[in-house]
Amino acid sequence: VKRTFFITGTDTGVGKTVLTALLTRFLRKKNVAALKPVCSGGRDDARVLFVALEGNLSLDEINPWHFRAPIAPTLAARRESKTVKLAQALKSIRAVQSQFEITLVEGAGGLLSPLGEDFDSRNLLQALDAVPVIVCPNRLGAVNQVRLVMAALPEKFQKKARIVLMSPQKSDTATKTNPLLLAEFFPAKPIFLLPWLEKDFSARRALKNVRVRKVLAALADFKV
Ligand SMILES: Nc1ncnc2c1ncn2[C@@H]1O[C@H](COP(=O)(O)OP(=O)(O)OP(=O)(O)O)[C@@H](O)[C@H]1O
Ligand SMILES: [Mg+2]
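Structure report, in brief.

Topic: the coordination of the magnesium ion (ligand 2)
Alright, step 1. Around the magnesium ion (ligand 2), the protein contributes the donor atoms Thr 17 (OG1), Asp 45 (OD) and Glu 106 (OE), at 2.0 to 2.2 Å from the metal centre.
Alright, step 2. Looking at Asp 45, the relative accessible area reads 24%, which means it is partly exposed.

Written as structure tokens, this is what we have:
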């Protein structure tokens, strides 16, 4: 069965690319694609995925649309007199999806950040019928942020959604209690906890950590 995971989050800079790269490497014995359809402020995310894919896709296949300005992609595109539409994004993603068993798609910014003229990550993940993966930093405020993102998802996608708490470098007063408090609101869902990785980590080295591998396996329903 083909599967598509859509990696979104509560904000920009929360660890979506970190998670997508880890999953890509972890699943590499499967037939896995990782896409970042729309980039703004350069193409660094797409390069990270390119490296993790070890040559399975070209940079342009991973990331067909990239705009220079470090602002919402739809605005960054307008500055270059360009547009991206949902139908175009879908077409390019589906072309890749058809060739792979598992497709990981990273959004940009948060769930409702505008990606193109007529769509955001919510529209895209719905059209792809993807499993939403919600990444949130595990700090004070996380419960509100995760609940907001979940509330913004249609019910069918709430049911499928997976919640990932990214450990911060330094825990705060809520880091320990967030998982249990979140579980009160989402009793049917496992809350996945990824550890903070050492500075200048590589996905390859991070995967030597058994805890990291266990979390990724459970998250992606990967039977080892
Ligand atoms: N678990 C972690 N361990 C170590 N560093 C992390 C971890 N999670 C996130 N980071 C660091 O936080 C920064 C932001 O992470 P990342 O680029 O994955 O965010 P993002 O959600 O993909 O952002 P964007 O909205 O720009 O796509 C990066 O420098 C990354 O290395
Ligand atoms: Mg990213």
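Further notes follow.
Considerations on the sheet that holds strand E5 (residues 102–106)
Alright, step 1. Read across the sheet, six strands follow the order E2-E5-E1-E8-E9-E10 without closing on themselves; strand pairing throughout is parallel. The outermost strands of the open sheet, each flanked by one partner alone, are strand E2 (32–35) and strand E10 (191–194). Going from strand to strand, the sheet's axes swing by 20° on average, the running direction of each strand aside.
Alright, step 2. Taken together, the four bridges between strand E9 (residues 162–166) and E10 define a ladder with parallel strand orientation. Across the sheet, Val 164 pairs through a bridge with Phe 192, a residue of E10.
Alright, step 3. In the packing of helix H5 (residues 86–97) onto the sheet, contacts are made with strand E1 (3–9), E2 and E5, and the angle to E2 comes to roughly 160°.

Quick notes on H5
Alright, step 1. With twelve residues, H5 should reach 16 Å at 1.5 Å per residue; the first-to-last C-alpha distance of 16 Å fits that figure.
Alright, step 2. Residues of H5 that are buried include every one of Leu 86, Ala 89, Leu 90, Ile 93, Val 96 and Gln 97, and no others. Within H5, the buried residues cover an arc of 125° as seen down the axis, which keeps them to one side. Away from the buried face of H5 by more than 90 degrees, exposed residues Ala 87 and Lys 91 are located.

Considerations on the pairing of strand E8 (residues 131–137)
Alright, step 1. Most of E8 sits inside the fold, with seven of its seven residues counted as buried.
Alright, step 2. Here E8 shows a buried face lined by Val 131, Val 133, Val 135 and Pro 137 and a second buried face lined by Pro 132, Ile 134 and Cys 136.
Alright, step 3. Sheet topology note: the E1/E8 ladder contains five bridges and is parallel. Each bridged residue has a counterpart across the sheet, and for Thr 8 the counterpart in E8 is Ile 134.
Alright, step 4. When E8 meets E9, the two strands line up parallel, connected through five bridges. Note on E9: the bridge partner recorded for Cys 136 is Leu 165.

Things to note about the nonpolar core
Alright, step 1. In terms of nonpolar packing, the biggest core is built from 77 residues, with Leu 19, Leu 22 and Leu 124 touching the most fellow members.
Alright, step 2. Tallying contributions element by element places helix H7 (residues 142–152) first for this core, with six residues.

With respect to the pattern of salt bridges
Charged atoms that come close allow side chains of opposite charge to pair.
Alright, step 1. Evaluated as defined, the whole model comprises 15 salt bridges.
Alright, step 2. For Glu 80, the salt bridge is made with Lys 82, and the minimal N-O distance between the two is 3.1 Å.
Alright, step 3. A relative accessible area of 16% means that Glu 80 is categorised as buried.
Alright, step 4. For Lys 82, a relative accessible area of 41% corresponds to the partly exposed category.
Alright, step 5. For the salt bridge of Asp 221 with Arg 162, the shortest nitrogen-to-oxygen distance reads 3.2 Å. Taken together, the positions of Asp 221 in the segment after helix H11 (210–219) and Arg 162 in strand E9 put the pair 59 residues apart, joining distant regions of the chain.
Alright, step 6. With relative accessibility at 33%, the residue Asp 221 sits in the partly exposed group.

Considering the environment of Val 32
Alright, step 1. Mapped onto the elements, Val 32 comes out in strand E2.
Alright, step 2. Accessibility expressed as a relative area gives 2% for Val 32, which makes it buried.
Alright, step 3. For Val 32 and Asn 56, which are 24 residues apart along the polypeptide, the C-alpha to C-alpha distance reads 8.5 Å.
Alright, step 4. With sequence-adjacent residues up to four places away left out, Val 32 is seen in contact with Thr 24, Leu 27, Leu 53, Asn 56, Phe 100, Ile 102 and Leu 104.

About the cut-offs
- Every chain is numbered on its own, with residues counted from 1 as its sequence reads.
- To label them, take the chains in the order written and letter them from A, then take the ligands in the order written and number them from 1.
- Totals for whole chains, interfaces and linings use every residue, but because this is a predicted model, local features are given only for residues with pLDDT of at least 70 and side-chain atom pairs only at 80 or more, for both listing and counting.
- Hydrogen atoms and water are omitted, and side-chain values are computed over all heavy atoms in the structure.
- With water excluded from the atoms, a metal site may look incomplete; its donors are any N, O or S atoms within 2.8 Å, or within 3.2 Å for Na, K and Ca.
- The classification of residues rests on relative accessible area computed with a 1.4 Å probe and restricted to protein chains. Under 20% of the type maximum is buried, over 50% is exposed, and intermediate values are partly exposed.
- By the convention used here, strands pair only if DSSP detects at least 2 bridges between them.
- Secondary structure elements are defined from DSSP: runs of H or I of at least 4 residues count as helices, runs of E of at least 2 residues count as strands, and each element is numbered from the N terminus.
- To obtain each axis, a line is fitted to C-alpha atoms, and for helices this fit is confined to the stretch in contact; angles are then taken between N-to-C directions over 0 to 180 degrees.
- Contacts were defined at the residue level, with two residues in contact if any of their heavy atoms lie within 4.5 Å.
- Take the number of residues in a helix, subtract one, and multiply by 1.5 Å to get its expected span.
- The arc in question is the one traced by the directions running from the helix axis out to the C-beta atoms.
- Nonpolar cores are built from buried Ala, Val, Leu, Ile, Met, Phe, Trp, Tyr and Cys residues. Side-chain atoms within 4.5 Å join them into one set.
- The working definition used for a salt bridge is a side-chain nitrogen of Lys or Arg within 4 Å of a carboxyl oxygen of Asp or Glu.

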